[in-house]
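# Survey of secondary and tertiary structure
Listed here are the chains, written in short residue letters.
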Amino acid sequence: MSEKHLAAGDSIPPTKDGVVRLYSMRFCPYAQTCRLVMAAKGIEHEIVNCNLRDKPKWLFQKNPKGEIPVLEHDGKIVLESLAVNDYLDQVTPGKITLNHKDPYQKRKDQIVLDLFTTQVRDYASKVFRSLGDSKEDVESLLAGLDKLELELKKRGTTFFGGLKPAMLDYNMWPWFERLNWLEHNGKLIVFADRFPILKIYVDNMLLDEAVKNVLTPSSTVLKFCQARATGQIQYDFDD
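Now for a look at the structure at hand. All figures in this text were calculated on a predicted structure; none of them were measured in a lab. (Residues numbered from 1 in each chain as written. Predicted model: local features only at pLDDT ≥ 70, side-chain atom pairs only at ≥ 80, totals over all residues. Heavy atoms only, no water.)

## Considerations on the pairing of strand β2 (residues 20-24)
Let me state the cut-off plainly: With a 1.4 Å probe rolled over the protein chains alone, any residue whose accessible area is under 20% of its type maximum counts as buried; one over 50% counts as exposed, and the rest are partly exposed. Only DSSP runs of H or I reaching four residues or more are called helices, and only runs of E reaching two or more are called strands; each is numbered from the N terminus. Any two strands are treated as partners once DSSP identifies two or more bridges connecting them. Handedness of a crossover: with both strands directed away from the viewer, a clockwise path from the first strand across the helix to the second marks it as right-handed.
Of all 5 residues in β2, 5 are buried, a share of seventy percent or more. Side-chain alternation along β2 places V20, L22 and S24 on one buried face and R21 and Y23 on a second face that is also buried. Sheet topology note: the β2/strand β3 (residues 45-50) ladder contains 5 bridges and is parallel. Paired with V20 across the two strands is H45, which belongs to β3. On the question of chirality, the crossover connecting β2 to the parallel β3 by way of helix α1 (residues 29-41) is right-handed.

## A few points about the pattern of salt bridges
The condition that has to hold: We define a salt bridge as a contact between a side-chain nitrogen of Lys or Arg and a carboxyl oxygen of Asp or Glu at a distance within 4 Å.
Evaluated as defined, the whole model comprises 10 salt bridges. For R21, the salt bridge identified is with E46, shortest N-O distance 2.7 Å. Separated by 25 residues along the polypeptide, R21 in strand β2 and E46 in strand β3 bring together distant segments of the chain. The same class applies to R21 and to E46, which are both buried. Note that R155 is salt-bridged to E151, the shortest N-O span being 2.7 Å. With R155 and E151 both in helix α5 (residues 135-155) and 4 residues apart, the pair spans about one turn of that helix. Take R155 and E151: they sit in the same class, and that class is buried. What emerges from the salt-bridge pattern is a single network uniting D109, E151 and R155.

## Examining helix α4 (residues 103-129)
What counts is decided by this rule: By this rule the span expected of a helix is its residue count minus one, scaled by 1.5 Å. Note that bend, as reported per residue, equals the angle between axes fitted to the 7 residues terminating at that residue and the 7 residues originating from it. Residue contacts follow a heavy-atom distance rule, with two residues in contact if any of their heavy atoms lie within 4.5 Å.
Helix length check: α4 (27 residues) gives 37 Å between terminal C-alpha atoms against 39 Å at 1.5 Å per residue, within 8%. Along its length, α4 reaches its greatest deviation from straightness, about 45°, at T117. Residues of α4 that are buried make contact with α1, α3 (81-91), α5, α6 (167-184) and α10 (218-229). L131 lies just past α4 and shows a positive phi near 55°.

Printed below as a string of structure tokens:
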């Protein structure tokens, strides 16, 4: 794993046969979903972190847009986090399967993911960037979370995926993690007062081994946020 975020002028690390490689950025929630899936499935992999302010030229050879995450596996390139995660679940060996095999349940999960994508995810990103100061975005976020609270209540399970976290949970978790960080650091009360079921959900997700393995320390997230607020984005910090 390249701890340092590689930038323009840095050489691309040599690949290893048969090893899954993810081009990532430590604070990117989309790339985090891929790291969660690999951790949950126990997939041997390596991470190449990329500086997105000063992108290495070879990143554009992997993705013409220069965006991450990018998965490289046995000469194949897979783009976009959802596609990467489905590929990982179907093609690479792992100790568990994260997508439901039942077509009906899988379709139900897709509906929830669509709801999350359109009514929660983008607002959660905006609220996190503003550290809870964008009141209009907060209200839109809370309205979306109302629907997820109701959905989890209807399912009557610990996680959206059932008794254990599944693909749907890992595809949504990075944004829940950021909202929990805001609450933990006194920036915005999200779950404690209004969403008792989601509060328990978040607490249970934090106990998941994959989540714990991928979690970025709160103090490091704070450093990243502080640097971004000044317009001087940094990626490499000592935890």
